[in-house]
Amino acid sequence: MIASYSDLKNKVILVTGAARGIGKSISLALAAQGAHVVFNYRGDDAKAMALKEELERAGGKASGLRFDVTDHEAMTKALDEFTKTVAPISGLVNNAGISKDTLLLRLKPEEISQIIDTNLKGAMLVTQALSRNFLKAENVSIVNMSSIVGLMGNASQAAYAASKAGLIGFSKSVAKELATRNVRCNVVCPGFIQTEMTDALQDKAKDEYIKSIPLNRFGSTDEVAQLTCFLLSNASSYLTGEVIKIDGGLYI
Ligand code: NDP
């Protein structure tokens, strides 16, 4: 059963990394709630146009914003233009992320920078760019997409885990800093979710991971999207600074 959150109707929400995977499912779930989804992408404009149509068919309003979260100038320009000429943004999902699975010994300095710049610094700078906007808006909710490995650590994911753990410290700080202005900030920590990111795992590794998940399967992007909708809505109005695992029991 899909919950319905009437306050999400017409709420203007930015989702970064929305072209595929979890970001796309979140965008579709928000569109189905009638939200105005501002979907960020960095690639193909034709694909973005198709996504806009898909989101509108799902029941929402949709605007595409093309920028790379590691390109500060392009990102602030796109957000400034949108908020000045279209609408203020009052919801944010920092979802864009990359991983590079390799042993610490083999990680190149530039790979570490790329992971931290995308997963942690990107989310920090997008939040910062919108924070003045947030101070003037009502019922702002920020959701930061971390990972279970930000809590547990994982062999071959040292930089990725560090970026995701950093996101938790950042989110708790934002929650404290902006609470008096009615801006909430929570963290979602997915376990293994079926997307292109996990499709890259070898079958043997996937089978091993599934054995360690009490619910005995990977999660779906829709399941993460439903939790995110709840956190963006007023149904979670007394939750801030919270870190919510969605991992089929992996962390127990
Ligand atoms: P995908 O690899 O399927 O999608 C990642 C998205 O982020 C893509 O749309 C990609 O854009 C975008 N992106 C990457 N770098 C940038 C950038 N610099 N600027 C703008 N957009 C960017 O990943 P998932 O959907 O699986 O993951 C989404 C989030 O959830 C990530 O933060 C990930 O770390 C987190 N997560 C995922 C888990 C999983 O099991 N799948 C588990 C735990 C956390 P493009 O299409 O252009 O490449």
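Here the structure is shown first, and the text comes after it.
Every chain is numbered independently, its residues counted from 1 as its sequence is written. Local features in a predicted model are, by the rule used here, given only for residues with pLDDT of at least 70; side-chain atom pairs are given and counted only at 80 or more, and totals for whole chains, interfaces and linings are based on all residues. Side-chain numbers here rest on the full set of heavy atoms in the structure, without hydrogens or water.

1. Structural notes on the overall build of the chain
For helices the rule is a DSSP run of H or I covering at least 4 residues; for strands it is a run of E covering at least 2, with both sets numbered from the N terminus onward. Per the secondary structure count, the chain includes nine helices and seven strands. Relative to its length of 252 residues, the chain is compact, with a C-alpha radius of gyration of 17 Å against a globular reference of 18 Å. In terms of overall dimensions, the chain has C-alpha extents of about 50 × 40 × 40 Å along its principal axes. Note on contacts: a residue pair is in contact if any heavy atoms of the two residues lie within 4.5 Å. Across the chain, contacts joining residues at least 24 apart in sequence account for 75% of those joining residues at least 6 apart. Each accessible area value is a Shrake-Rupley result obtained with a 1.4 Å probe; residue values ignore everything except the protein chains displayed when judging cover. Counting every atom, the chain has about 12600 Å² of accessible surface; 52% of that belongs to carbon and sulfur. Once the 28 positive and 26 negative side-chain charges of the chain are each reduced to a mean point, those two points are 3 Å apart. For a compact globule the rule gives 2.2 Å times the number of residues to the power 0.38, and the radius of gyration it is set against comes from C-alpha atoms. Counted as positive: Lys and Arg. Counted as negative: Asp and Glu. His and the chain ends are not counted at all. For this purpose, a charge sits on NZ of Lys, CZ of Arg, CG of Asp or CD of Glu.

2. Notes on helix H6 (residues 158–178)
Expected span of a helix, by definition, is 1.5 Å for each gap between consecutive residues, and there is one gap fewer than residues. Along its 21 residues, H6 runs 30 Å from first to last C-alpha, staying within 8% of the 30 Å computed at 1.5 Å per residue. Of the residues making up H6, those classed as buried are Ala159, Tyr160, Ala161, Ser163, Lys164, Leu167, Ile168, Phe170, Ser171, Val174, Ala175 and Leu178. Throughout this description, buried means an accessible area under 20% of the type-specific maximum (1.4 Å probe, protein chains only), exposed means over 50%, and partly exposed covers the range between.

3. Remarks on the sheet that holds strand S6 (residues 183–190)
Within a beta sheet, neighbouring strands are joined by backbone hydrogen bonds and run either parallel or antiparallel to one another. Two strands pair under a simple rule: DSSP has to find at least two bridges between them. A sheet is described by the order of its strands in space; here seven strands give the open sequence S3-S2-S1-S4-S5-S6-S7, paired in parallel fashion. Each edge of the open sheet carries a strand with a single partner, namely strand S3 (61–66) and strand S7 (243–246). Averaged over all pairs of adjacent strands, the angle between their axes in this sheet comes to 20°, without regard to strand direction. Axes, fitted as lines to C-alpha atoms, cover a helix only where it is in contact. Angles between the N-to-C directions of the axes lie from 0 to 180 degrees. The strands that helix H4 (residues 109–136) touches are strand S1 (12–15), strand S4 (91–94), strand S5 (140–145) and S6; relative to S4, the one it contacts most, it runs at about 175°. Each of S5, S6 and S7 touches H6; the most contacted strand, S6, lies at about 160° to it.

4. Points about the nonpolar core
To qualify as a nonpolar core, a set must consist of buried Ala, Val, Leu, Ile, Met, Phe, Trp, Tyr and Cys residues joined through side-chain atoms within 4.5 Å. Counting 31 residues, the largest nonpolar core has Ile13, Val15, Ile26, Leu30, Val37, Phe39 and Val188 as the members making the most contacts within it. For this core, the element with the most residues is helix H9 (residues 221–232), which contributes six residues. Among residues more than four places away in sequence, those in contact with Val37 are Ile13, Val15, Ser27, Leu30, Ala31, Leu55, Lys61, Ala62 and Ser63. By size, the runner-up hydrophobic cluster in this structure holds 30 residues, among which are Ala78, Leu92, Leu120 and Ala123.

5. Here's the deal with unusual backbone geometry
Of note, the phi angle at Asn139 is positive, near 50°, even though the residue is not glycine. Mapped onto the secondary structure, Asn139 falls in the loop between H4 and S5. We classify Asn139 as partly exposed; its relative accessible area is 33%. Phi angles above zero are rare outside glycine, and Asn182 is one such case at about 60°. For Asn182, the position within the fold is in the loop between H6 and S6.

6. Topic: the site of the ligand
In these notes, residues near a molecule or strand are those with any non-hydrogen atom within 4 Å of it. As a structural note, the neighbourhood of the ligand is formed by 28 residues, with Ile22, Asp68, Asn95, Tyr160 and Thr195 the closest of them. Contacts described as polar in this section are N or O atom pairs within 3.5 Å, which, within protein, must combine one atom able to donate a hydrogen with one able to accept it, while residues neighboring in sequence count only if both atoms come from side chains. Here an oxygen atom of the ligand and a side-chain polar atom of Arg20 are 2.8 Å apart. Contact distances for the ligand include 2.6 Å between an oxygen atom and a side-chain N or O atom of Thr195. In isolation the ligand has 890 Å² of accessible area, and contact with the protein removes 93% of it. For the shell around the ligand, the elements supplying multiple residues, two or more each, are helix H1 (21–32), H6 and helix H7 (196–199). Under the scheme applied here, ten amino acids are nonpolar (Ala, Val, Leu, Ile, Met, Phe, Trp, Tyr, Cys and Pro), four are charged (Asp, Glu, Lys and Arg), and all others, including Gly, are polar. When its residues are assigned to classes, the shell around the ligand shows twelve nonpolar, twelve polar and four charged.

7. Some thoughts on the pattern of salt bridges
Just to be clear on terms, a salt bridge is a Lys or Arg side-chain nitrogen sitting within 4 Å of an Asp or Glu carboxyl oxygen. Enumeration according to the criterion identifies ten salt bridges in this entry. Ionic pairing is found between Glu54 and Lys24, a salt bridge with its closest N-O pair at 3.4 Å. Placement of the pair is Glu54 in helix H2 (residues 45–58) and Lys24 in helix H1, with a sequence separation of 30 residues. Judged by its relative accessible area of 25%, Lys24 falls in the partly exposed class. Note that Arg42 and Asp68 form a salt bridge whose closest N and O atoms lie 3.9 Å from each other. Taken together, the residues span a long stretch of sequence, with Arg42 in the loop between strand S2 (36–41) and H2 and Asp68 in the loop between S3 and helix H3 (72–85) at a distance of 26 residues. The class of Asp68 is partly exposed, set by a relative accessible area of 26%. Members of the salt-bridge network, linked through shared partners, are Lys100, Lys108 and Glu111.

8. Overview of H9
If you check H9, its first and last C-alpha atoms are 16 Å apart, about what twelve residues at 1.5 Å a residue would give, namely 16 Å. The complete set of buried residues in H9 reads Thr221, Val224, Ala225, Leu227, Thr228, Cys229, Leu231 and Leu232. Residues of H9 that are buried sit in contact with S1, H1, S4, S5, S6 and S7.

No statement about biological role is implied by the geometric values presented.
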